[in-house]
Amino acid sequence: MPFVVSTESRKEECEEDSTSAYDIWLASRATSGSKELLIPGAKRPITIRNAQLVYLMIQNNAFGLLKSLYNSHPNRTILMLAAQLARSLFPAFRGYSQALIIDEIQLQFASEAFTWPRLLRLSGSELVRRYLESLLDSYAAHNEGIVMDSAKFSVEYQQLQQRVQLDCSTFADPLTRDLLHESDLFARSFNGSGFGSLSPMDFLQIFSLLVEITSHLFLILSVTRSYTHIYVLLLSLCSTFIPLVLPQSILTHNSIDSQFTAREAHAADRRERMRNMAFSDIYRPEVQLFGLQKWILSNWATSWWTVHESEVAHQSQLSLTTGIITLSDLFRIIQNVPFLLLLQGSSATLGSLSLYRSSIHSVIYNFRNLVTTIGMAFQSVFLMAAWCASTELKPKLQPEHQDKVRYKSVSGGIGIQARELSYTYPGSSEPALKNVNFTLGAGETLAIVGYNGSGKSTLAKILLRIVDFDKGELIVNGHDLRRYDPSEYHQHLSAVLQGFSKFNSTLRENVGVGSVDNMASKDILETAVSLAQADGIVQTLPHGLQTILQSPAFEPVSYAESVSTTSSVGRYGLSGGEWQRIAIARAFMRAYDPRVDMLVFDEPTSSLDAKAQKEIFDTIRRLSRSPDGTRRRTVVFITHQLSIARRADQIAMMENGTISDFGPHDQLLARNGPYAALYKQTI
Ligand SMILES: Nc1ncnc2c1ncn2[C@@H]1O[C@H](COP(=O)(O)OP(=O)(O)OP(=O)(O)O)[C@@H](O)[C@H]1O
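These numbers were taken from a predicted model, which means no experiment stands behind them.

## A look at the overall build of the protein
A count of helices and strands for the protein gives 29 helices and 14 strands. With 683 residues in all, the protein has 44% of them scored as buried. Restricting to contacts in the protein with at least 6 residues of sequence separation, those with at least 24 account for 75%. If you sum the accessible surface of the protein, you get close to 34800 Å²; carbon and sulfur atoms cover 59% of it.

So this is what it looks like as structure tokens:
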């Protein structure tokens with residue numbers, strides 16, 4: 001049974017001390033002598049400060065994470081550790097057993113007392129040992145596969161769980177985006193598809209390398225019965241540490257990422273964007289239409305060379321490092337000293353010499369591996385910190401528990417009071433909304449009109465609680481909108497957004513996602529489709545509701561076995577107006593849901609012909625009333641069609657991020673303000 005970590009256990013994992021994984025992650029991105037942070041994904045230099053951060057991370061968070069992974073399969077994990085321990089002892093046993101055989105052969109040649117039975121016994125036990133070794137190996141691999149699959153599932157599940165829970169406002173924060181980027185790197189390396197990063201499960205490798213080194217050292221000690229050999233051997237291993245103790249100025253060049261300047265990072269980003277433009281189907285029509293081929297190629301080439309030059313500069317610095325590292329070869333000569341010492345000992349047998357030689361080689365080889373592995377693990381710890389911190393991210397729009405109020409419907413729909421609402425998009429210098437004030441009674445219809453970029457869609461997103469506001473107050477049904485749980489509030493809304501989603505899925509799913517609970521209901525689905533006047537589309541498609549719609553934004557993953565099924569069903573593209581009807585049908589999936597108190601439409605009919613537009617707005621009007629004509633839903637719609645806007649109870653005219661005129665059509669015309677001016681321009 002795959003393991004899923006609960007929110008509580010995640011808290012336990014990541015919150016065991018005051019130094020949070022987020023603090024550690026952020027501190028590791030600091031650069032010395034500059035306020036800039038390392039670009040996401042950049043390798044952290046090995047410094048004392050970073051080593052302290054690694055220590056803190058391991059102390060405060062890593063064990064919690066490993067514990068949660070252990071909880072998925074406690075017995076199998078213990079078995080895995082035990083098997084790993086046994087496997088790491090195999091090489092030492094192998095060396096010992098082979099030494100015994102060599103000694104026995106030597107004895108055969110050296111003395112007349114020829115003991116075939118003992119040689120055969122030794123060879124037989126060596127064969128049995130090898131057979132058992134391979135049996136244990138295959139079982140251990142099988143067991144490890146189960147534990148690892150479960151851990152991979154768990155990490156990917158948590159990653160997905162966290163992604164779907166986070167709201168747009170959380171994603172808009174640049175630091176959060178960096179955090180999620182590094183968290184993804186962790187998850188990918190965990191799943192074995194990371195580049196250059198170590199899987200955290202390879203911490204296990206550190207453990208087995210340590211065991212293997214210790215077992216070989218023990219053998220060396222037993223052969224020589226003297227610590228002198230061990231000391232000389234340890235001295236010869238100093239070469240392995242040289243890269244770690246090189247001056248920091250040289251070491252920091254070991255990472256191409258970390259040496260990117262802002263210009264080079266920009267070039268790397270531009271190179272990727274150009275590549276994306278060349279490969280993506282979404283851009284292909286414009287690439288052809290506007291003849292962008294040369295432009296893409298030349299931009300890509302310029303960026304490529306900028307990045308390349310930076311890498312070449314890095315390589316030359318690296319060769320300096322390599323030069324220094326070759327000095328370390330001198331240390332390797334010392335590795336022969338213990339061997340000479342042993343040769344001097346008259347009692348040394350051929351077997352013990354062979355055992356001694358192979359053990360020294362193993363210690364050196366494993367020691368190098370250990371140093372490399374620890375170096376890689378050093379980087380993984382920071383990615384792990386990002387992952388751990390990302391699991392703690394709370395959707396920005398989620399109110400604190402003590403502030404939360406339950407949403408309560410009022411008769412007629414949703415009543416709204418906006419006071420001095422202001423909002424600036426992250427990274428933007430100009431506010432998208434400035435001091436917006438209006439009051440809308442429950443059940444009223446509001447049309448928002450105005451020039452491009454005047455803030456209409458932003459206001460709609462704030463009303464829908466997709467985006468937060470910076471200043472002001474928004475009272476909905478008597479309470480501050482910020483005090484509602486967004487997921488609860490969303491149950492009382494239905495909407496068509498300006499940039500609605502075109503899912504690369506069946507028509508049924510494209511419409512049904514408007515109310516997942518009712519997706520299986522043919523009646524509700526067909527009613528929604530018919531209200532949006534999309535039944536004509538369904539009839540023309542070869543597989544009706546089951547036809548897979550081709551979304552331009554989607555690049556299908558080709559699985560060998562799925563190619564035949566997918567191609568036999570086929571994918572069908574729709575026109576802009578047809579997609580718009582699908583989006584309207586999606587919103588109408590909640591048409592008869594009694595919980596829905598407000599309908600918001602952001603230019604829902606911009607691609608429809610005049611007749612269809614009028615019919616859709618008639619439908620919206622009908623849906624906002626009870627069968628007896630009483631108002632039951634508030635409607636907010638954005639339109640550039642003033643002939644449609646004039647039918648609304650209230651019209652909000654937006655200019656430069658604020659409402660410059662507000663009221664019913666006739667009053668606004670009589671007032672002769674900005675709305676009247678716009679109206680006169682358009683008729
Ligand atoms: N994601 C974003 N990041 C930064 N600025 C944004 C973002 N989205 C919109 N803006 C800016 O906010 C302002 C208001 O945009 P908004 O989309 O609300 O205008 P609008 O009135 O709906 O325009 P249109 O009629 O063209 O749909 C514009 O200046 C726009 O450039």
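## A short note on the sheet that holds strand S11 (residues 598-602)
One open sheet accounts for six strands, arranged S8-S11-S12-S5-S13-S14; its pairing is mixed. Pairing within the sheet leaves two strands with one partner each, and these edge strands are strand S8 (493-496) and strand S14 (658-663). Each strand axis lies, on average, 15 degrees off the axis of its neighbour in the sheet, ignoring direction. Sheet topology note: the strand S5 (residues 445-450)/strand S13 (residues 650-655) ladder contains five bridges and is parallel. Considered in S13, the bridge of Gly450 is made with Met654. On the sheet, helix H29 (residues 674-682) packs against S5, S13 and S14 and is oriented at approximately 90 degrees with respect to S13.

## Structural notes on the packing of helix H25 (residues 576-588) against helix H26 (residues 610-623)
A packed helix pair is summarised by two numbers, namely the angle formed by the two axes and the spacing between the axes. At a closest axis distance of 12 Å, the pairing of H25 and H26 adopts a crossing angle of 5 degrees. The angle between the axes of H25 and H26 places the two elements in the roughly parallel class. Along its contact with H25, which presents Arg581, Ile584 and Phe588, the element H26 presents Ala612, Ile616, Thr619, Ile620 and Leu623. When grouped by side-chain class, the residues that make up the contact of H25 with H26 number six nonpolar, one polar and one charged.

## Quick word on the packing of aromatic side chains
Enumeration over the complete set of coordinates arrives at 14 aromatic pairs. Ring plane angle 45 degrees and centroid distance 5.7 Å describe the contact between Tyr22 and Trp25, whose orientation is recorded as tilted. Here Trp25 and Tyr22 lie together in helix H2 (residues 21-28), a separation of three residues that amounts to about one turn. Ring pairing ties together the aromatic residues Trp300, Trp304 and Trp305, which thus form one cluster.

## Considerations on the nonpolar core
As a rule of thumb, nonpolar side chains are buried together in soluble globular proteins. Core analysis: the biggest nonpolar cluster contains 48 residues, and Leu507, Val511 and Phe588 have the highest contact counts within it. Residue contacts for Leu507: discarding those within four places in its chain leaves Ile537, Val538, Leu541, Gly544, Leu545, Thr547, Leu549 and Ile582.

## A closer look at the side chain of Ser208
Tracing the backbone shows Ser208 in helix H8 (residues 203-224). Among the polar contacts made by the side chain of Ser208, one reaches the side chain of Gln84 at a distance of 3.5 Å. When neighbours within four sequence positions are excluded, Ser208 is seen to be in contact with Gln84 and Ser88.

## Focus: the pattern of salt bridges
Under the counting rule described, the total for this entry stands at 21 salt bridges. A single network of salt bridges, built from pairs that share partners, joins Arg87, Asp137 and Glu144.

## Quick word on the site of the ligand
Among the 13 residues in the neighbourhood of the ligand, the closest are listed as Gly453, Lys456, Ser457, Thr458 and Gln498. With respect to the ligand, the backbone of Ser454 contributes an N or O atom lying 3.1 Å from an oxygen atom. Between Thr458 and the ligand, the recorded distance is 2.5 Å, taken from a side-chain N or O atom to an oxygen atom. When the ligand sits alone it has 630 Å² of accessible area, and the protein chains cover 61% of it.

## Thoughts on the environment of Glu311
Take Glu311: it is sitting in helix H15 (residues 293-327). Given the relative accessible area of 27%, Glu311 is considered partly exposed. For the pair Glu311 and Glu264, spaced 47 residues apart in sequence, the C-alpha to C-alpha distance is 9.8 Å.

## Thoughts on the sheet that holds strand S4 (residues 433-440)
Reading across from one edge, S4-S3-S6-S7 is the order of the four strands in this open sheet, with antiparallel pairing throughout. Looking at strand neighbours, the two that pair on one side only are S4 and strand S7 (479-480), the edges of this open sheet. Summarising the sheet, strand S3 (residues 416-423) and S4 pair through five bridges and their orientation is antiparallel. The partner of Tyr423 across the bridge, within S4, is Leu433.

## As for the UniProt feature "transmembrane region" (unreviewed entry) in the protein
Mapped onto this structure's residue numbering, the UniProt feature "transmembrane region" (unreviewed entry) falls at residues 203-223 and 230-250. Secondary structure content for residues 203-223 is 100% helix and 0% strand, and the end C-alpha separation is 31 Å.

## Topic: the side chain of Asn143
Within the fold, Asn143 resides in helix H5 (residues 116-165). Of the residues examined, Asn143 reaches a relative accessible area of 1% and is grouped as buried. Here Arg76 takes part through its side chain, which lies 2.8 Å from a polar atom of the side chain of Asn143. Excluding residues within four positions of it along the chain, Asn143 makes contact with Arg76, Leu79 and Met80.

## So, H25
Quick reminder: α-helices carry 3.6 residues per turn. Residues three or four places apart thus point the same way. Between its first and last C-alpha atoms H25 spans 18 Å; for 13 residues at 1.5 Å apiece the expected length is 18 Å, and the two agree. Across the 13 residues of H25, eleven count as buried, placing the element largely inside the fold. Taken together, the buried positions of H25 are occupied by Gly577, Trp579, Gln580, Arg581, Ile582, Ala583, Ile584, Ala585, Arg586, Ala587 and Phe588.

## Digging into unusual backbone geometry
Positive phi, close to 40 degrees, is recorded for Asn435, a residue that is not glycine. Mapped onto the elements, Asn435 comes out in strand S4. The phi torsion at Gln533 lies on the positive side, around 55 degrees, for a residue other than glycine. If you trace the backbone, Gln533 turns up in the loop between helix H22 (522-531) and helix H23 (535-540). Residue classification places Gln533 among the partly exposed positions, given a relative accessible area of 25%.

## Focus: the packing of H2 against helix H7 (residues 174-190)
Viewed as axis vectors pointing N to C, H2 and H7 meet at an angle of 95 degrees, and their least axial separation amounts to 12 Å. The orientation of H2 with respect to H7, classified from their angle, is roughly perpendicular. Of the residues in H7, those in contact with Tyr22, Trp25 and Leu26 of H2 are Leu175, Asp178, Leu179 and Glu182. In terms of residue class, the contact of H2 with H7 is made up of five nonpolar, no polar and two charged.

Conventions adopted
- Residues numbered from 1 in each chain as written.
- Predicted model: local features only at pLDDT ≥ 70, side-chain atom pairs only at ≥ 80, totals over all residues.
- Heavy atoms only, no water.
- Helix = DSSP H or I, 4+ residues; strand = E, 2+ residues; numbered from the N terminus.
- Buried < 20%, exposed > 50% of the residue type's maximum accessible area, 1.4 Å probe, protein only.
- Contact = heavy atoms within 4.5 Å.
- Areas by Shrake-Rupley, 256 points an atom, 1.4 Å probe, with all protein chains shown as cover.
- Pairing = 2+ DSSP bridges.
- Axes fitted to C-alpha atoms, helices over the stretch in contact; angles between N-to-C directions.
- Parallel < 35°, antiparallel > 145°, perpendicular 65-115°, else oblique.
- Nonpolar A, V, L, I, M, F, W, Y, C, P; charged D, E, K, R; others polar.
- Phe/Tyr/Trp six-rings, centres within 6.5 Å; stacked < 30°, edge-to-face > 60°.
- Core = buried A, V, L, I, M, F, W, Y, C linked by side-chain atoms within 4.5 Å.
- Polar contact = N/O pair within 3.5 Å; in protein donor to acceptor, adjacent residues only side chain to side chain.
- Salt bridge = Lys/Arg side-chain N within 4 Å of Asp/Glu carboxyl O.
- Near = heavy atom within 4 Å.
- UniProt positions renumbered as here; feature names shortened; annotations may be inferred.
- Expected span 1.5 Å × (residues − 1).

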